[in-house]
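# Descriptive structure summary
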Amino acid sequence: MNHAIQGVHCAAATPVDADGRPDLPLYVDHCKKLMEEGCHGIAMLGTTGEANNFSVKDRMALLDGLVDGGMEPGTLLPGTSTPNIPETIELSAHAVKAGAKGVVLLPPYYYKGVSDEGLYRFYSRVIEGVGDDAMRMVFYHIPQVTQVPISHDLIERLMDAFPGIVVGIKDSSGDLENMKAMCERFPKLGVLAGADPMMLPLLRVGGAGCITATSNLRADALRVVWETWDKPGREAEVEAAQDRINEWRTLSNSYVQLPTVKAMVARARGDNGWMRVLPPLVEVTEAERDAVWAEMEKLGG
């Protein structure tokens, strides 16, 4: 396996203060601990990171805060998409200048039913607007949310037009057959699972790893799978790690996923500031929180 971007990446949750602004000290501490717990990198400001609820200024400040706080820029994969080209260029150029490993780009998600030609123009204008060969771009395919799928023909066209820049895709569709088809058609494209249970089967067909929410809590088990999935004689260890991942993923989906993940992080990190989410999301109720925390205790975390 030799993809430009590969390994276990956490779709890191973003703590916010009582005023709804990013809590940088808490964020830096969390991301550093994620690296210690087994992550190869931090995919900041994605869906789990509530990216689209923050201003451009705050999104840039979060990246700067991690770098200034001692995080290696080459471990960071910030989400830099917005529905418009100028702000997407601004965020992406800022990330490239900071030395980020890559940028993760949703398609423009306001208009539905758009053509591959329109999507090609969006992505190509962003890449050309950044204008830096150091840029490494990862598509973000989550059609159940955006309602804008990323087709294989679009991927091929952009890889041909921008070789060495278009290097990966986060597939959060849950469709293993789609991921397998991309691995077969685009061997140079790093296909990253967006759901934790998908990483192991994806690795078996040539995938590059994952960008997932449960790694906020179980980076250790995901790293075990990454390191040992193809090692003879270690099948039981892989199976045990995968079972643990699945248990925690299932728990995170007990209620609305992102508020539940943040409630779980609050307990794991011992700081209830993690409970806060930004509108239109709403925190889990006290009863839901208590139920999740009790189950975490049973799971040994």
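Below is a summary of the structure that appears in this document. This is a predicted model, so every value here is computed, not measured. (Residues numbered from 1 in each chain as written. Predicted model: local features only at pLDDT ≥ 70, side-chain atom pairs only at ≥ 80, totals over all residues. Heavy atoms only, no water.)

Moving on: a nonpolar patch on the surface. A cluster of nonpolar side chains, Tyr110, Tyr111 and Val114, forms an exposed patch at the surface whose accessible area comes to about 380 Å². Mapped onto the fold, Tyr111 is located in the loop between β3 (103-105) and α4 (116-130). Take Tyr111: its relative accessible area is 60%, and that puts it in the exposed class. (Patch = residues over 30% accessible without salt bridge, like charges linked within 9 Å, V, L, I, M, F, W, Y side chains within 5 Å. Areas by Shrake-Rupley, 256 points an atom, 1.4 Å probe, with all protein chains shown as cover. Salt bridge = Lys/Arg side-chain N within 4 Å of Asp/Glu carboxyl O. Helix = DSSP H or I, 4+ residues; strand = E, 2+ residues; numbered from the N terminus. Buried < 20%, exposed > 50% of the residue type's maximum accessible area, 1.4 Å probe, protein only.)

Between its first and last C-alpha atoms α4 spans 21 Å; for 15 residues at 1.5 Å apiece the expected length is 21 Å, and the two agree. Among the residues making up α4, those that are buried are Leu119, Tyr120, Phe122, Tyr123, Ser124, Val126, Ile127 and Val130. Buried residues belonging to α4 abut α3 (85-98), β3, β4 (137-141), α6 (152-161) and β5 (166-171). In the stretch just after α4, Gly131 is the one whose phi turns positive, near 60°. (Expected span 1.5 Å × (residues − 1). Contact = heavy atoms within 4.5 Å.)

Inspection of every chain in the model, using the stated rule, returns 3 aromatic pairs. Pairing Tyr110 with Tyr111 gives two aromatic rings, centres 5.0 Å apart and planes at 85°, and the pair type is edge-to-face. Accessibility expressed as a relative area gives 61% for Tyr110, which makes it exposed. Relative to Tyr123, the ring of Phe122 lies with its centre 5.4 Å away and its plane at 80°, an arrangement referred to as edge-to-face. (Phe/Tyr/Trp six-rings, centres within 6.5 Å; stacked < 30°, edge-to-face > 60°.)

With respect to topology, 7 strands assemble into an open sheet ordered β2-β1-β7-β6-β5-β4-β3, the strand pairing being parallel. Of all the strands in the sheet, the pair left with one neighbour each is β2 (41-43) and β3. Along the sheet, successive strands turn relative to each other by an average axial angle of 30°, direction set aside. Alignment of β5 against strand β6 (residues 190-193), held across 4 bridges, turns out to be parallel. By the bridge assignment, Ile169 is partnered in β6 with Val191. (Pairing = 2+ DSSP bridges. Axes fitted to C-alpha atoms, helices over the stretch in contact; angles between N-to-C directions.)

Secondary-structure assignment places Lys262 in helix α11 (residues 257-269). According to the relative accessible area criterion, Lys262 is buried, its value standing at 0%. Residues in contact with Lys262, not counting those within four places in the same chain, are Ala13, Thr14, Pro15, Val16, Glu50, Trp274, Met275, Arg276 and Val277.

This part covers α6. Among all positions in α6, only His152, Leu154, Ile155, Leu158 and Met159 are buried. Around the axis of α6, the buried residues are gathered within 155° of arc, so they sit on the same side. Taken together, the buried residues of α6 touch α4, β4, β5 and α7 (176-185). (Arc of directions from axis to C-beta.)

Right, let's talk about the layout of surface pockets for a bit. There is about 600 Å³ of room inside the largest pocket. Thr47, Thr48, Tyr140, Ile142 and Val145 are the residues nearest the centre of the largest pocket, which is lined by 29 residues in total. For the lining of the largest pocket, the elements supplying multiple residues, two or more each, are α5 (143-146), β7 (209-212) and α11. Counting residues per element, the lining of the largest pocket draws most heavily on α5, at 3 residues. A class-by-class count of the residues in the lining of the largest pocket yields 13 nonpolar, 12 polar and 4 charged. Computed from the structure, the second largest pocket encloses a volume of approximately 210 Å³. Lining the second largest pocket are 13 residues; nearest its centre among them are Met159, Pro163, Gly164, Val166 and Lys188. It is α6 that provides the largest number of residues to the lining of the second largest pocket, a total of 3 residues. Of the residues in the lining of the second largest pocket, the class split is 7 nonpolar, 2 polar and 4 charged. (1 Å grid on protein atoms, 1.4 Å probe; cavity = no way out; pocket = protein on both sides within 12 Å on 5 of 7 lines; lining within 4 Å. Points joined across faces, edges and corners; volume = space filled by probe spheres on them. Nonpolar A, V, L, I, M, F, W, Y, C, P; charged D, E, K, R; others polar.)

Looking now at the pattern of salt bridges. All chains considered together, the criterion is met by 16 salt bridges. Here Lys231 ties to Asp230 by a salt bridge, and the two come within 3.3 Å at their closest N and O atoms. A relative accessible area of 36% places Lys231 in the partly exposed class. With relative accessibility at 44%, the residue Asp230 sits in the partly exposed group. Through salt bridges with shared partners, a single ionic network connects Glu117, Arg121 and Arg157.

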